[in-house]
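Read off the chains here:
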Amino acid sequence: MPRVPLPAQTAPADVSDGKVDRQAIKDLEMRLLGSERSMKRREVAAGAGVSLLSARKIWRALGFANLGDEDLAFTQADLEALTTIIDLVREERLTEEAAISITRSIGQMTDRMVVWQVEALVEEMVHQRGLTDAQARQRLVHELPNLIDSLEKVLVYSYRRQLDAAVARLTVRAEAGLGTGADDEDSLPLLRAVGFADLVSYTSLSRQMNEKTLAQLVQRFENRCAEIISVGGGRLVKTIGDEVLFIASSPQAGAEISLALAKAIGDDDLLPSARVAMVWGRILSRLGDIYGPTVNLAARLTALAEPGTVLVDATTAATLAGDERFVLIPQKVRTVRGFGEVHPVTVAHGTGKGLVVD
């Protein structure tokens, strides 16, 4: 996107009067979009050489709002982005279905990222500068221009590093022969350790907390989980309030992460203890989420786990048997909805240090 220099910076207006600085907003939009909005949606579609219907598929995948035919809402950068995506299909580097799916991944992830970043910056200004929430949001319009380039550089850097890590995982699994076999075509494609960590008594605690305290608890929980899962070589799939879902490439890695999560959360005086469960099995990955019976069983086992412990099924326990890092303690047979009788096994620390988060 072309860089449009900002006008000379002036001191931010006094935000205490509650007035919106429309000039600052306009300057920021120019910086972000590259130029003024001057094109209608049909003009952008025609410029990219596609029908309006095809263009709208891309924009919906990116999460853009519906616009009318007469709305001047687009810039040259929008035309270039649309053309880039369309060219991937024209040149047969991607099918249309794959292009839409990948575009949706970009739209959803960047939307969540932007909301997260804005809220983090607002919260910092509220806590560190004593501003109200409304004042902080007004002030942020003046301070974002100084952050855009740095945040963009880190975003591109992180994307490339994450993509490199994904390629490395593919290579390791291919060389090890994991996920291959005659039955692959008839089963879910990915063999992974699927784990859940669920805060105990979260619902009752949330009723006793104000908004600020609850937000701090959830953020602390997610930060601790994300750190441990990352160090353990896993991937945090998503966070849903009081629960995190993660995957790892081997049952041993999944067990190490699970034990570290249970211990770290239990040792944290500001967090309630957690129930953790992990299952080794096949999954389907779509739109950044994961699906399949393995995921469902892991979720069911989480509800059965005692606070501060890690629970697995008998099949997963068999993959860990003989590994001195883990102690396996069979539990009584339980009837699990959708799975019938299940033989749960508690996993505890054996020899070694376990997962070390420095």
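Scroll up to find the structure this text is about.
Being a predicted model, the structure only gives us computed values, none of them experimental. (Residues numbered from 1 in each chain as written. Predicted model: local features only at pLDDT ≥ 70, side-chain atom pairs only at ≥ 80, totals over all residues. Heavy atoms only, no water.)

Enquirer: Provide a residue-level description of helix 5 (residues 96-129), including the pertinent values.
Expert: For helix 5, built from 34 residues, the straight-helix expectation of 50 Å at 1.5 Å per residue is met to within 8% by its first-to-last C-alpha distance of 49 Å. Close packing links the buried residues of helix 5 with helix 3 (52-62), helix 4 (76-90) and helix 6 (133-143). (Helix = DSSP H or I, 4+ residues; strand = E, 2+ residues; numbered from the N terminus. Expected span 1.5 Å × (residues − 1). Contact = heavy atoms within 4.5 Å.)

Enquirer: Tell me about the environment of L33, and name the residues and values.
Expert: Tracing the chain through its elements places L33 in helix 1 (residues 22-33). In this structure the C-alpha to C-alpha distance between L33 and A77, which are 44 residues apart in sequence, comes to 6.9 Å.

Enquirer: Please provide a residue-by-residue account of the pairing of strand 4 (residues 274-286), values included.
Expert: Where strand 1 (residues 190-199) lies against strand 4, 10 bridges are found, and the strand directions are antiparallel. When the sheet's bridge partners are listed, F196 is paired in strand 4 with A277. Pairing of strand 4 with strand 6 (residues 310-312), which is carried by 3 bridges, proceeds in the parallel orientation. Of the residues in strand 6, the one forming a bridge with M278 is V312. (Pairing = 2+ DSSP bridges.)

Enquirer: Could you give an account of the nonpolar core, naming the residues involved and the relevant values?
Expert: Nonpolar side chains tend to gather and get buried jointly when the protein is soluble and globular. The biggest cluster of nonpolar side chains holds 34 residues, and the ones touching the most others in it are F221, C225, I257, L261, I265 and V347. Top element by residues in this core is helix 10 (residues 251-267). It accounts for 9 residues. Excluding residues within four positions of it along the chain, C225 makes contact with V244, L261 and I265. Listed in part, the 18 residues of the second largest apolar core include V50, I58, I85 and I86. (Core = buried A, V, L, I, M, F, W, Y, C linked by side-chain atoms within 4.5 Å. Buried < 20%, exposed > 50% of the residue type's maximum accessible area, 1.4 Å probe, protein only.)

Enquirer: Lay out the packing of helix 5 against helix 9 (residues 211-231) with the relevant residues and their values.
Expert: Two elements in contact, helix 5 and helix 9, have axes whose closest approach is 14 Å; the angle formed by their N-to-C orientations is 125°. When the axes of helix 5 and helix 9 are compared, the pair comes out oblique. Note that helix 5 runs across helix 9; the crossing there is left-handed. Listed contacts from helix 9 to R112, W116, E123 and H127 of helix 5 are K212, Q216, Q219 and E222. Looking at the contact of helix 5 with helix 9 residue by residue, the class counts come to 1 nonpolar, 3 polar and 4 charged. (Axes fitted to C-alpha atoms, helices over the stretch in contact; angles between N-to-C directions. Parallel < 35°, antiparallel > 145°, perpendicular 65-115°, else oblique. Left-handed = near helix turned anticlockwise from the far one by under 90°. Nonpolar A, V, L, I, M, F, W, Y, C, P; charged D, E, K, R; others polar.)

Enquirer: Residues and numbers for the packing of aromatic side chains, please.
Expert: Tallied over the full model, the rule gives 1 aromatic pair. Taking 4.6 Å as the distance between ring centres and 20° as the angle between the ring planes, the aromatic pair formed by W59 and F74 counts as stacked. Highlighted residues: W59 in helix 3 and F74 in the loop between helix 3 and helix 4, separated in sequence by 15 residues. (Phe/Tyr/Trp six-rings, centres within 6.5 Å; stacked < 30°, edge-to-face > 60°.)

Enquirer: Report on the environment of M278, specifying residues and quantitative values.
Expert: Among the structural elements, M278 can be located in strand 4. When residues no more than four places from it in sequence are discounted, the contact partners of M278 are A193, V194, G195, P251, G254, A255, S258, L311, V312, D313 and T316.

Enquirer: Kindly report on a nonpolar patch on the surface, identifying the contributing residues and their values.
Expert: On the surface, Y159, L163 and V167 cluster together into a nonpolar patch covering about 300 Å² of accessible area. Here L163 falls in the partly exposed class, since its relative accessible area comes to 43%. (Patch = residues over 30% accessible without salt bridge, like charges linked within 9 Å, V, L, I, M, F, W, Y side chains within 5 Å. Areas by Shrake-Rupley, 256 points an atom, 1.4 Å probe, with all protein chains shown as cover. Salt bridge = Lys/Arg side-chain N within 4 Å of Asp/Glu carboxyl O.)

Enquirer: So, the packing of helix 3 against helix 4: which residues are in play, and what are the values?
Expert: The description of two packed helices rests on the angle between their axes and on the distance between the axes. Packing of helix 3 against helix 4 brings their axes to within 11 Å, and their N-to-C directions diverge by 105°. The pairing of helix 3 with helix 4 is recorded here as roughly perpendicular in orientation. Along the contact surface, helix 3 presents A55, I58 and W59, while helix 4 presents L82, I85 and I86. In terms of residue class, the contact of helix 3 with helix 4 is made up of 6 nonpolar, no polar and no charged.

Enquirer: Give me the lowdown on the side chain of T75, citing residues and values where you can.
Expert: Relative to the helices and strands, T75 resides in the loop between helix 3 and helix 4. Overall, T75 belongs to the buried group, its relative accessible area being 1%. Residue contacts for T75: discarding those within four places in its chain leaves L33, S35, E36, R37 and M39.

Enquirer: Residue-level account of the side chain of D242, with values.
Expert: Structurally, the position occupied by D242 is in the loop between strand 2 (235-240) and strand 3 (243-248). Of the buried charged residues, D242 lacks a salt bridge, with R275 as the closest side chain of opposite charge at 7.6 Å. Those residues in contact with D242 that sit more than four places away from it in its chain are A197, D198, L199, Y202 and F221. (Lys, Arg positive; Asp, Glu negative; His and termini not counted.)

Enquirer: Can you lay out the pattern of salt bridges for me, pointing to particular residues and giving the numbers?
Expert: Taken as a whole and judged by the stated rule, the model has 18 salt bridges. A salt bridge links D69 to R41, with the nearest nitrogen and oxygen atoms 2.8 Å apart. Of this pair, D69 sits in the loop between helix 3 and helix 4 while R41 sits in helix 2 (residues 41-48), and the two are 28 residues apart along the sequence. On the basis of relative accessible area, D69 is assigned to the partly exposed category, the value being 29%. Between D323 and R325 there is a salt bridge whose closest N-O contact spans 2.7 Å. The class for D323 is buried, based on a relative accessible area of 18%. Linked by salt bridges that have partners in common, R41, R42 and D69 make up one network.

Enquirer: Break down helix 6 for me, citing the residues and quoting the values.
Expert: Listed in full, the buried residues belonging to helix 6 are Q135, A136, Q138, R139, L140, V141 and H142. Each element contacted by the buried residues of helix 6 is listed here: helix 1 and helix 5.

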